[in-house]
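Take a look at the letters that make up each chain.
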Amino acid sequence: MVPTPLALIAELTHRCPLHCVYCSNPLELQKTAMELETGDWIRVFREAANLGMLHVHLTGGEPLSRPDLTELITGARSAGLYTNLITSGIGLSENRLAALIDAGLEHIQLSFQGSQAASADQIAGTRSHAHKVQLAALIKQRKIAFTMNVVVHRQNLDRLAEIISLAEELGAERLEIANVQYYGWALRNRDSLLPTREQVDKSQAIVTAAQQRLQGRMRIDFVAPDYYARYPKACMGGWGQRLMLIDPAGQALPCHAAGVIPGMNFDNVRQHRLEWIWNESNAFQKFRGESWMPEPCRSCDRRIEDFGGCRCQAFLLAGDAAATDPVCSLAPSHAVVDDALMQVNVPLPLPASTIRQNSWIYRQNPK
Amino acid sequence: MAKPDSNSKPRLAAGCRWADPNGAERMLLYPEGAIKLRGPGRDILERCDGRRTVQQIIDELHDQYRVANPARIADEVATFLEQLHKKRVVDL
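Residues numbered from 1 in each chain as written. Chains lettered and ligands numbered in written order. Predicted model: local features only at pLDDT ≥ 70, side-chain atom pairs only at ≥ 80, totals over all residues.

Peer 1: Just to check I follow, could you spell out the overall build of chain A for this structure?
Peer 2: The helix and strand inventory of chain A stands at 14 helices and nine strands. Its C-alpha atoms give chain A a radius of gyration of 20 Å, near enough to 21 Å, the size a compact globule of 367 residues would have. The long-range fraction of contacts in chain A, counting pairs at least 24 apart against all pairs at least 6 apart in sequence, stands at 73%. (Helix = DSSP H or I, 4+ residues; strand = E, 2+ residues; numbered from the N terminus. Rg over C-alpha atoms; globule rule 2.2 N^0.38 Å. Contact = placed C-beta atoms within 7 Å.)

Structure representation (structure tokens):
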């Protein structure tokens, strides 16, 4: 039986004023001229609600780059969807914030790149930290749920306690601390982003202590670094089980990175209804359920919990989208992950002063 | 964590609301998820309106369910509200 999807991830645009070195957008960004029109999106929201979806996550790129964002929020709310905005905050004035909330926006997830302007702005490839701090104060004056989201990696994990303090100061009700996931842009920058084992161990202890201390005041969600885990993450809650992502040009994908898998054909909401795409399209059936699984997944008790991990990671690291996720300690290809970790965790042969600066590959903007 | 004060007036936190999908069970939506509620859980949460006190909610539940041991209802309401407070679904 085909499961009922829970949420729609709407990548409204790939345009973004930030250039984060770990951006979850694909390397091949969708051009502005290809973006769906306002009416297309509103129809998609109605179809999503009819299919049983509860939430829509408006994201990008930077969703504020769409001048019709207020209309889109109105459309999502009148379809009955819970409406969440995932944003860098760049492009959000006090007036525009008020308009979005009046249109029915229910939750803002504001991204931060760190606790301090200089290092955060370096990761974002643009000056943005100070604006985010100001914006957080404006959000707190409104009656809207506020989550602060911080992606963590080798360059900022040593400041995790400071990041948590910033979230407390800014009055976030939720803090999402998400370790970088290595696809697209992040994979290209992996050598500078992958944390050390010592950092990972310390960060987990800091998060656990903060969760205890802040109980009832701020909820902290933590996305663990899967390279250091024994078993893979339950990527997207399973392929075609819970989530559907629509990219700016209207292609429907089972996850952010699925475009990297060769031989896949993603149907477009311009040609097909969401219900057909979810229930019938090849892309959503490809790795749904267990019939595609190889060993050791096929006979593993954990297959109902982690679904064999991430298909995109399997392709990117093992060259086969139908392989066990290489981060799994039981995967035949697990050595590729161990190799990457070894490079980060061996003591450096050179004194720190001679280490060259990180040479970042920044996320581009679409044409 | 301390039990909720019996005089506090619990209410749904910002960003939490009820949804009544066609033909489906009533659900509470919050920023990253949803809870399907039935029975006493739903009866408690529907009374978290910022006007009733914890004590009033306990009294009303007691009238509704008429169980032999009233202390149990008080305990269960307190525990349930604490859990939802931790999840940031209810403000106490």
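Peer 1: Just to check I follow, could you spell out the sheet that holds strand S5 (residues 145–152) of chain A for this structure?
Peer 2: Backbone-to-backbone hydrogen bonds join strands into a sheet, with any given pair of strands oriented parallel or antiparallel. All names here are of chain A. Read from one edge of the open sheet, nine strands run S7-S6-S5-S4-S3-S2-S1-S8-S9, paired in mixed fashion. What marks the edges here is a single partner per strand, and that holds for strand S7 (219–223) and strand S9 (252–253). As defined by bridge partners, strand S1 (residues 7–11) adjoins strand S8 (residues 243–246) across four bridges and the pair is classed as parallel. Paired with Ile-9 across the bridge in S8 is Leu-245. Helix H5 (residues 129–140) contacts strand S4 (107–112) and S5 of the sheet and is inclined by roughly 160 degrees relative to S4. (Pairing = 2+ DSSP bridges. Axes fitted to C-alpha atoms, helices over the stretch in contact; angles between N-to-C directions.)

Peer 1: How should I be thinking about helix H13 (residues 311–318) of chain A in this particular structure?
Peer 2: One turn of the α-helix equals 3.6 residues, which is why residues spaced by three or four share an orientation. All names here are of chain A. For H13, a buried count of six out of eight residues is recorded, marking the element as mostly surrounded by other parts of the structure. By the burial criterion, the buried members of H13 are Arg-311, Cys-312, Gln-313, Ala-314, Phe-315 and Leu-317. For H13, the elements touching its buried residues are helix H14 (335–345). Directly beyond the C-terminal end of H13, a positive phi value near 75 degrees is found at Gly-319. (Buried ≥ 20, exposed ≤ 12 C-beta atoms within 10 Å, placed from the backbone.)

Peer 1: Sorry, what's going on with the nonpolar core here?
Peer 2: Side chains that are nonpolar tend, in soluble globular proteins, to be buried together. All names here are of chain A. Leu-8, Tyr-22, Phe-45, Ala-48, Val-56 and Leu-81 are the most contacted members of the largest nonpolar core, which has 122 residues in total. In terms of residue count, S5 provides more of this core than any other element does, six residues in total. Excluding its chain neighbours within four sequence positions, the residues that come into contact with Val-56 are Ala-7, Leu-8, Ala-10, Phe-45, Ala-48, Ala-76, Leu-81, Thr-83 and Asn-84. (Core = buried A, V, L, I, M, F, W, Y, C linked by C-beta atoms within 7 Å.)

Peer 1: I keep staring at the packing of helix H2 (residues 54–65) of chain B against helix H3 (residues 70–86) of chain B and nothing clicks. Help me out?
Peer 2: To describe two helices that pack against each other, one gives the angle between their axes and the distance between the axes. Residue and element names in this part refer to chain B. Their axes nearest at 9 Å, the elements H2 and H3 cross at an angle of 130 degrees. Between H2 and H3, the angle is such that the two are oblique. For the pair H2 and H3, the crossing hand works out as right-handed. Counting all contacts with H2, which are made through Val-54, Ile-57, Ile-58, Leu-61, His-62 and Tyr-65, the residues of H3 involved are Pro-70, Ile-73, Ala-74, Val-77 and Leu-81. Across the contact of H2 with H3, the residue classes tally to 10 nonpolar, one polar and no charged. (Parallel < 35°, antiparallel > 145°, perpendicular 65-115°, else oblique. Left-handed = near helix turned anticlockwise from the far one by under 90°. Nonpolar A, V, L, I, M, F, W, Y, C, P; charged D, E, K, R; others polar.)

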